[in-house]
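Here are the chains, one letter per residue:
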Amino acid sequence: MKTHRFTVQAAAVLAMVAVAAAQTSESAADLAARYLPDLIRLDSTNPPGNETRVARYLKQVADREGIAAELLGNDPQRLNFVARLRGSGKARPLLLIAHSDVVPADRSQWSVDPLAGILKDGYIYGRGAEDDKNLLAAELAVMVDLHRRKVPLDRDIILLSESDEEAGSLGATWVVANAWGKIDAEFALNEYSYILPTKSGVPVFQIQTAEKVPTRFKMTARGTAGHGSLPRDDNPVLHLARAIAKLSEAVEKLHTLPVPLPALPTVAGPSGTTIAATDVTGSVSPQTPSKAEAKPEVGRLPTVEGWVLRDVAYGGALIQSRRGLYEVYAGDMVPGLGHIDAVRRQDGHWVVVTSRGLIVTR
Ligand SMILES: [Zn+2]
């Protein structure tokens, strides 16, 4: 995105302490507004990450405030940060999460320096101002504010800032495998979903409980190497391009599937399963190569586990799922898919509805 602003997402966390914060000289909102430009100026573009810069900053703040905190991880350049406020232990901990890396910013696409953390017209601009340093600043501010005001807590509050969220999830994976006890909590709050103001004054709280699951695969087309002046029918670049186009069109159908929302809690809606053609290689000008490759990424809804291949006799459907090939009929129990509530034709698609809210279509 071209410009970024301090979003209502951060405000969501700040709202947690807004009432009490007004009683202190420096509110949680003031703290967050101070931390955010600092965090933006620490270049943690992934790749390569260098998230230790962010982790060190967080540690400095925590040390200054007297909050117990530590840096964790196995790559000195890519450390994670964990801090904890102690509660009475009456309830299990609440975990606040915000990743410390940001995706690369193309300077030519920006109206300001993306790493300058500039305040302009009442907005903070910069890479990470919306994903995810805004949330990190807000959560850090919440920790500091609670600690300064010595708010009695029923549960521990843990802040985790993990590295490499945008690429390989190395940080979170390491912490889960090696330091689970330090982040073990009853529930966690993480990025995305917003509080939206409305004209009526009643705010709308969006709740996101899951994200699309990336499924990466490699497509290889083979042909005969030759010279660009003599195009051949088996040019692998051409074949690959056609295959990518077909895949994209097939997934488009999932987007536009009209779904009876009230009956189905989880559906392939407008932000349903997607496919992005990424990392295409092949051409060697002026020669045509013998091989072309693409690494498309399918963003699969957590509930979408397969596709209907075709309808079969007596109102059934053939499903290709991650667990295998199934012929299903309404009333069946299918491993991994649950109870098959319905198999039907709808608006030109075959739809299978399962007890898990699954929709598979083609
Ligand atoms: Zn993010």
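Residues numbered from 1 in each chain as written. Predicted model: local features only at pLDDT ≥ 70, side-chain atom pairs only at ≥ 80, totals over all residues.

Asks: Can you help me understand the overall build of the chain in this one?
Replies: What the chain contains, in helices and strands, is eight helices and 23 strands. Expressed as a percentage of its 362 residues, the buried residues of the chain come to 34%. In the chain, the proportion of contacts linking residues at least 24 apart, taken out of those at least 6 apart, comes to 63%. (Helix = DSSP H or I, 4+ residues; strand = E, 2+ residues; numbered from the N terminus. Buried ≥ 20, exposed ≤ 12 C-beta atoms within 10 Å, placed from the backbone. Contact = placed C-beta atoms within 7 Å.)

Asks: Would you mind going over helix 6 (residues 170-178) with me for this structure?
Replies: Structurally, the α-helix is built with 3.6 residues per turn, so residues lying three or four positions apart point the same way. Those residues of helix 6 not exposed but buried are Leu170, Gly171 and Trp174. With its buried residues spanning 100 degrees around the axis, helix 6 presents them on a single face. On the buried face of helix 6, the contacting elements are strand 2 (80-85). (Arc of directions from axis to C-beta.)

Asks: Teacher, can you tell me more about the sheet that holds strand 2 here?
Replies: Strand order in the open sheet formed by five strands is 1-2-6-3-7, with mixed pairing between adjacent strands. Pairing within the sheet leaves two strands with one partner each, and these edge strands are strand 1 (68-72) and strand 7 (187-189). Direction aside, neighbouring strands of the sheet carry axes that sit 20 degrees apart on average. One ladder, built from five bridges, connects strand 1 with strand 2; its direction is antiparallel. Looking at the pairing, leucine 72 lines up with asparagine 80 of strand 2. Contacts between helix 5 (residues 133-148) and the sheet are confined to strand 2, strand 3 (94-97) and strand 6 (157-161), with strand 6 contributing the most and set at about 150 degrees to the helix. (Pairing = 2+ DSSP bridges. Axes fitted to C-alpha atoms, helices over the stretch in contact; angles between N-to-C directions.)

Asks: Would you mind going over the nonpolar core with me for this structure?
Replies: A general tendency of soluble globular proteins is for nonpolar side chains to be buried together. Counting 44 residues, the largest nonpolar core has Ala32, Leu39, Leu58, Ala137, Leu140, Ala141 and Met143 as the members making the most contacts within it. Secondary-structure elements contributing two or more residues to this core are helix 3 (28-41), helix 4 (52-65), strand 2, strand 3, strand 5 (123-125), helix 5 and strand 6. By residue number, the principal contributor to this core is helix 5, which donates 10 residues. In this view, leucine 140 contacts Tyr35, Leu58, Val61 and Leu159; residues no more than four positions away in its chain are not counted. In terms of nonpolar packing, the next biggest core, distinct from the first, is built from 11 residues, Tyr326, Val334, Ile340 and Val352 among them. (Core = buried A, V, L, I, M, F, W, Y, C linked by C-beta atoms within 7 Å.)

Asks: Before we go on, may I ask you to explain unusual backbone geometry in this structure?
Replies: Excluding glycine, residues mostly carry a negative phi; peptide bonds, for their part, are mostly trans. Each neighbour pair has its own omega, and for asparagine 46 with proline 47 the value is 0 degrees, a cis peptide bond. Considering the arrangement of structural elements, one finds proline 47 in the loop between helix 3 and helix 4. Aspartate 132 follows aspartate 131 through a cis peptide bond whose omega is 10 degrees. In this fold, aspartate 132 is placed in the loop between strand 5 and helix 5.

Asks: What is the right way to read the environment of glutamate 65 from this model?
Replies: Tracing the backbone through its elements, the reader meets glutamate 65 in helix 4. The exposure class of glutamate 65 is partly exposed, given the 16 C-beta atoms found within 10 Å. Distance from glutamate 65 to arginine 148, taken between C-alpha atoms, is 7.6 Å for residues 83 residues apart in sequence. Ignoring sequence-local partners within four residues, the contact set of glutamate 65 consists of Val144, His147 and Arg148.

Asks: What's the story with the confidence of the model for the chain in this structure? I'm lost.
Replies: Any segment with low pLDDT has predicted coordinates that should not be analysed in fine detail. Of the residues in the chain, 76% have a pLDDT of 70 or more, and the chain-wide mean is 80. A low-confidence stretch, residues 1-12 stays under pLDDT 50, and its non-local contacts, those more than four residues away or across chains, total 36 contacts. Taken as a whole, residues 255-271 scores under 50 in pLDDT and shows 22 contacts with residues more than four places along the chain or in a different chain. (pLDDT = per-residue confidence, 0-100.)

Asks: Whenever I open this one, the packing of helix 3 against helix 5 confuses me. Can you help?
Replies: Remark: helix 3 packs on helix 5, axes separated minimally by 8 Å, with the N-to-C direction vectors making an angle of 135 degrees. Comparing their axes, helix 5 and helix 3 come out oblique. At the point where helix 3 passes helix 5, the crossing takes the right-handed sense. The segment helix 3 lies against helix 5, with Ala28, Leu31, Ala32, Tyr35, Leu36, Leu39 and Ile40 engaging Lys133, Asn134, Leu136, Ala137, Ala138, Leu140, Ala141, Val142, Val144 and Asp145. Of the residues in the contact of helix 3 with helix 5, the class split is 14 nonpolar, one polar and two charged. (Parallel < 35°, antiparallel > 145°, perpendicular 65-115°, else oblique. Left-handed = near helix turned anticlockwise from the far one by under 90°. Nonpolar A, V, L, I, M, F, W, Y, C, P; charged D, E, K, R; others polar.)

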